[in-house]
Amino acid sequence: MQFITGRSIRLLLVDDHAMTRIAIRGVLANQSDIEILGEADDGVEAIRLAARLQPDVIVMDIYLPRMTGIDAARHIKTRFPRMAIVGLSAYANEQRDTMQAVGASAVVPKEKIVEQLHAAIRLAAQETRR
């Protein structure tokens, strides 16, 4: 299945734990509508790669070194308002309002990645196309 525009959802994955990035890649591997363009392990690198790769959606951990996911999301949404951001956190309930206040479309609890991430990415991508 392809995205609304007939092309895949272009995704940037941001998490400071390599094993989490590997797990997310595994969860998304069979999703033909998602193309992972790159990965970052901190907020500063996320901003740099967002500018260079121009993804449709950024899946970003909230707690990152050098710059938090919240600060990186704020910067990215200010500079690239059409990029969608899906936050990830082991503490999603506590951080949902803050992350959404800076422009995230959704916040997915890390323990629910398998069940919720693909749908959250698709919904975020659709919001950016309206």
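Conventions we followed
Counting from 1, residues in each chain are numbered in the order their sequence is written. Thresholds applied to this predicted model are a pLDDT of at least 70 for local features of residues and 80 or more for the giving and counting of side-chain atom pairs; totals over whole chains, interfaces and linings are not thresholded and use all residues. Hydrogen atoms and water are omitted, and side-chain values are computed over all heavy atoms in the structure. For the purposes of this section, nonpolar cores are sets of buried Ala, Val, Leu, Ile, Met, Phe, Trp, Tyr and Cys residues that join through side-chain atoms within 4.5 Å. The rule is simple: take the accessible area with a 1.4 Å probe, protein chains only, and divide by the maximum for that residue type; under 20% is buried, over 50% is exposed, in between is partly exposed. Counting from the N terminus, the helices are DSSP H or I runs at least four residues long and the strands are E runs at least two residues long. Here, two residues are considered to be in contact whenever any of their heavy atoms come within 4.5 Å of each other. To obtain an axis, a line is fitted to C-alpha atoms, over the contacting stretch when the element is a helix, and the angle between two such axes runs from 0 to 180 degrees between their N-to-C directions. If an angle is under 35 degrees, it is roughly parallel; if it is over 145, roughly antiparallel; if it lies from 65 to 115, roughly perpendicular; otherwise it is oblique. Each helix crossing is assigned a hand: it is left-handed if the near helix lies turned anticlockwise from the far helix by less than a right angle, otherwise right-handed if that turn is clockwise. In this analysis, strands are considered paired if DSSP registers two or more bridges between them. Picture the helix axis, draw a direction to every C-beta atom, and the arc is the one those directions span.

Is there a simple way to think about the nonpolar core in this case?
One recurring pattern in soluble globular proteins is that nonpolar side chains are buried together. Counting residues in each nonpolar core, the largest one holds 23 residues, and the members touching the most others are Leu 12, Val 14, Ile 58, Met 60, Ile 76, Ile 85 and Met 99. Of all the secondary structure elements, the ones that give two or more residues to this core are β1 (9-14), α2 (43-53), β3 (57-61) and α3 (69-79). Top element by residues in this core is α2. It accounts for 5 residues. Here Ile 58 is in contact with Leu 12, Val 14, Ala 50, Ile 76, Met 83, Ala 84, Ile 85 and Val 86, once residues within four sequence places are set aside. Core analysis: the next-biggest nonpolar cluster, separate from the first, contains 19 residues, Val 86, Leu 117, Ala 120 and Ala 124 among them.

Even after reading the chapter, I still don't get the packing of α2 against α3, so can you show me in this structure?
A pair of packed helices is characterised by two quantities: the angle between their axes and the separation of those axes. Running from N to C, α2 and α3 cross one another at 20 degrees; their axes reach a closest spacing of 9 Å. On the basis of the axis angle, α2 is roughly parallel to α3. Taken as a pair, α2 and α3 cross one another with a handedness that is right-handed. In this structure, α2 uses Gly 43, Ala 46, Ile 47, Ala 50 and Ala 51 to contact α3, whose residues at the interface are Ala 72, His 75, Ile 76 and Arg 79.

What am I meant to see in the pairing of strand β5 (residues 106-109) here?
A regular strand places its side chains so that they alternate between the two faces of the sheet. Burial along β5 is two-sided: the face carrying Ala 106 and Val 108 and the face carrying Val 107 and Pro 109 are both buried. In this sheet, β5 lies alongside strand β4 (residues 84-89) in parallel orientation, the contact comprising 4 bridges. Bridging across to β5, Ser 89 finds its partner in Pro 109.

Teacher, can you tell me more about helix α1 (residues 18-28) here?
Since one α-helical turn is 3.6 residues long, residues separated by three or four positions face the same way. Those residues of α1 not exposed but buried are Thr 20, Arg 21, Ile 24 and Leu 28. Buried positions in α1, seen along its axis, are confined to an arc of 100 degrees and lie on one side of it. Among the exposed residues of α1, those pointing more than 90 degrees away from its buried face are Met 19 and Ile 22.

Honestly, it's all geometry; don't read function into it.
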